[in-house]
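# Per-entry structural report
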Amino acid sequence: MSVVAAARTRGGALVAPFARQLGLAGSVLLVICCFLPWSTYSGFPGKMLNSTPGGARLYVLLLALFGFLFVKDLPGRRRALGSASTFAFVIALLTMLFIAYAGRGLVNVGSGAFVGVVAALLYMVGARSLPEDDRTAPVRSLPDGRWRAAVESVLCVLAAVAALAAFVIGLGIPSTSIADGEDYRLGGAISLNDLTNESQFLSFLLFLCGLMLALSRMGVIASLGAITKRHSKVLVAAGLMAAVVFPFTQGGDGYSLRIAASIGVFAAAAVGLNIVVGLAGLLDLGYIAFFGVGAYFAAIVSGSITSVIDVHLPFGLVILLSALIAGLFGVLLGAPTLRLRGDYLAIVTLGFGEIFRITVNNLDGSAGPKLTNGPNGVSNIPDLVLPGGFSFGENHNLFGVDLPFQANYYWLEVILVAVVMTAFLRLAESRIGRAWVAIREDELAAAATGINTTRLKLLAFALGATLAGAAGSVSAHVVKVAAPDSFTFLESALLLAAVILGGMGTVQGALLGATVLYLLPEKLRFLQDLRLLVFGIVLVLIMRLRPEGLVPSKRRQREFHEAGGGADALAAPPGHAGALG
C-alpha cells in the first residue's frame, strides 16, 4: 500500500465514526452561509450582498439540502451525498475565487463565502467518510389508485417544463464576446460584468451536473424514466409544446434563437447517425459528408446569386431531393465496405469524408469544373418563402409578441427534429431495427439466424445518409452558406461524440448529447485557445462518470452494470455487447 493510500485509510478511519454528524453539521452550516453576504461590493451580481440567495449561492443552497439524507439511511445515500457535496464545494470555492479575482483581492470576499467553503468541505468529508453501501436505489412507483395515471402524466409535463427552464436559464446567461476574450489574453482590463457572466454559467453547469448525479444515485431519474416510458405520448406532447413555446421566452433575442436552431440541425444529424452507430453498430467517421451533400445541393438549387446554376426550386422539393441524393451517396459508400467492420470501416468512412471535403474545395473552375466555388462555397442563400407569401427572413408578431426572423427557422428545425425522431423510433421498434441490433451485438450470430446482414447494413447507411441530407438542406438555409470548412472531420467526430455521450440507440440521448456538445463550446468562447482543452476535459469527466451515456437504453445500461461499468465495459472485446464499437 502506498504512503498516500495509507494516509487516506487512516484519515478515513478517524473520521468514519463521526461522518454522519460531521456531514450533517457541514450541510446545515452551508445552508446558513447561503443567507450571508458572499461579496462586499455590488460589482459582482447574482444577489451576493443581501440575505436572499441567488446565482451561485442558490445553487449551493439546493445542493446543501441533500444533507437531509444524513438523517435517514436510504439505498444509494453515500453516492448521492458524495455527488451533491463535492459539487457544492467546487461551486463555493470557484465562486469565492471569482469574487476575489474580480474584486482584486480577498478583502472583497464576504464572510459568507469563507465560512461557506469550510462548511462545504466538512459536508464533503462527512459524505465521503460514510460506510460503504452496495445497495442500489430501487425504481419506485406511485401506489395504485384512481389518480395514479393523472399524477404520472403531470410528472411528465413537469419534466418537460424543467428541461425547458434549464435550457432557457443556461442559454440566457450572457457570454463574453470574442473581443473581450482577447483582452483577457493580452492582459487588458477585465470587466467585472464579463467575469461574472462566466462564473454564473460555470456555476450553473456544475449545479446541473451535481443535481442530476445525486438524483440518479437516489433512483429518482430511473423512477421518472419508468413513468415517462409508461406515458411516452404525454412526454412527447409536453416536450413538443415546450419546444414550440421556447421563442416566446427569449424576449426577442435573435442570437439565442439562432443558437437553438443550430442545435436543432446538429441534433437531427446526430439522430440520423444514431441509426448507423447506435442501432446497426457501424462506426462511421465520415458522416458529415452526407450532411454536406444535402447542404451543397440545397445551396446550389435554391436561387443563390453565387450559384453557378440559375435554378430556384421549391423548398419542399429541395429537401426531398437533398435527402434522396445523400441516401444515394450512402449506398455508394456502403456497397464497397460491407465486408469491413470496426477500425477498418472507420478508416474507410473517414477517407470518404475527407474525399468529399477536398472535392468540393477544388470544384472552383481551376482544378475541376466550377460547381461549388471552391473554398468560398455557395453563399447568399435567399430566405425561404412559403407559397402563401410567408417569408422566413422577416420578423413577425404572434399573439402580441414580436418575434425575430430567427424564430421562423427555429420552428422549421423543430419540425425537422420531430420528423427525424419519428423515423428513428419507428425504425428502432420495427423488425428492421431489431435486426440491426442483432447485427450490432454479433453479426455472425445474426447471419446464422437468417438475417440478411448485407442488405440491412446497406439500408442503415442509406437511411442514415438520407436523414443527414435532409438536415443539411435545412442547415444551408439557416446559416445562408455551404462552405468546405463546415464539413471537416472535427464535425463528424462531434456528431459521433454526441451519439455516444448521449447514449447509443436512444433518440433522447442523441438530442441531449447534441445539445451539450453544441452549447458548451459556445458558452466557453471566453477561454479562447483553452476552450477545446476544457471542452475535452469535460467530455472525459462525463464519460468517466456515465460511460453508458447520459440517457442510455435499458440494454446498454444493463450491459455496463453487468460488466462492472466504466473501464471494464470499455475494455470489452469488439464483439462483446459492452464494447463501444
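Read on for an overview of the structure. These numbers come from a predicted model, not from an experiment. The residue count restarts for each chain, going from 1 along the sequence in the order it is written. Side-chain atom pairs in this predicted model are given and counted only at pLDDT of 80 or more, local residue features only at pLDDT of at least 70, and totals for whole chains, interfaces and linings cover all residues. Processing note: side-chain calculations cover all non-hydrogen atoms of the structure and skip hydrogens and water entirely.

Strands here mean DSSP runs of E at least two residues long; helices mean DSSP runs of H or I at least four residues long; both are numbered from the N terminus. Helix and strand counts for the protein come out as 23 helices and four strands. Within the span of the protein, comprising 581 residues, buried residues form 45% of the whole. Whether two residues are in contact is decided by their heavy atoms: any pair within 4.5 Å suffices. Intrachain contacts of the protein at a sequence separation of at least 6 include 74% that bridge at least 24 residues. Carbon and sulfur atoms make up 67% of the accessible area of the protein, which totals about 27,100 Å². Think of it in three bands: with a 1.4 Å probe and only protein chains considered, a residue is buried below 20% of the maximum accessible area for its type, exposed above 50%, and partly exposed in between. We get accessible surface area from the Shrake-Rupley algorithm with a probe of 1.4 Å; when it comes to residues, only the shown protein chains can shield them.

Turning to the nonpolar core, a few remarks are in order. By size, the foremost hydrophobic cluster in this structure holds 140 residues, and its most contacted members are Leu-30, Phe-66, Leu-81, Tyr-123, Leu-273, Trp-436 and Leu-495. With 17 residues, the top contributor of residues to this core is helix H11 (residues 254-279). The residue makeup of this core includes at least three contributed by each of domain 1 (8-140 + 147-178 + 191-233) and domain 2 (251-561). Those residues in contact with Leu-30 that sit more than four places away from it in its chain are Val-60, Ala-64, Ala-88, Gly-116, Ala-119, Ala-120 and Tyr-123. What we call a nonpolar core is a set of buried Ala, Val, Leu, Ile, Met, Phe, Trp, Tyr and Cys residues that are connected through their side-chain atoms within 4.5 Å. How far each domain reaches was decided by an automatic or database domain assignment.

On to the packing of aromatic side chains. Aromatic pairs are defined between Phe, Tyr and Trp rings, using the six-membered ring for Trp, whenever the two ring centres lie within 6.5 Å; interplanar angles under 30 degrees are classed as stacked, those over 60 as edge-to-face, and all others as tilted. Tallied over the entire structure, the rule returns 16 aromatic pairs. Look at Tyr-296 and Phe-487: their rings are 5.9 Å apart centre to centre, the planes differ by 50 degrees, and that puts the pair in the tilted class. With Tyr-296 in helix H12 (residues 288-300) and Phe-487 in the loop between strand S4 (481-482) and helix H19 (489-502), this residue pair connects regions lying 191 residues apart in the sequence. For the pair Tyr-296 and Phe-487, one class covers both residues: buried. Between Phe-392 and Tyr-409, the ring centres sit 5.4 Å apart and the planes meet at 55 degrees, which makes this aromatic pair tilted. With Phe-392 in the loop between strand S1 (378-379) and strand S2 (396-398) and Tyr-409 in helix H15 (residues 406-428), the pair connects residues that are 17 residues apart, well separated along the chain.

On the surface, Val-28, Leu-29, Ile-32, Leu-36, Leu-106, Phe-114 and Val-115 cluster together to form a nonpolar patch covering roughly 550 Å² of accessible area. The set of elements that each furnish at least two residues to the nonpolar patch consists of helix H2 (19-33) and helix H5 (111-128). Element by element, the count of residues in the nonpolar patch is highest for H2, at three residues. Position of Leu-106 among the secondary structure elements: in the loop between helix H4 (77-102) and H5. Excluding any residue in a salt bridge, patches collect residues exceeding 30% relative accessible area, merging like charges within 9 Å and nonpolar Val, Leu, Ile, Met, Phe, Trp and Tyr side chains within 5 Å. Every case where a carboxyl oxygen of Asp or Glu lies within 4 Å of a side-chain nitrogen of Lys or Arg is listed as a salt bridge.

On to the environment of Val-478, then. Tracing the backbone shows Val-478 in helix H18 (residues 453-479). For Val-478 and Tyr-409, which are 69 residues apart along the polypeptide, the C-alpha to C-alpha distance reads 6.4 Å. With near-sequence residues (within four places) excluded, Val-478 lies in contact with Ala-261, Tyr-409 and Glu-413.

Another aspect to go through is unusual backbone geometry. Positive phi, close to 65 degrees, is recorded for Asn-373, a residue that is not glycine. Summarising the element assignment, Asn-373 is placed in the loop between helix H14 (343-362) and S1. For Asn-373, a relative accessible area of 14% puts it in the buried group. At Asn-380, a residue that is not glycine, the phi angle is positive and equals roughly 55 degrees.

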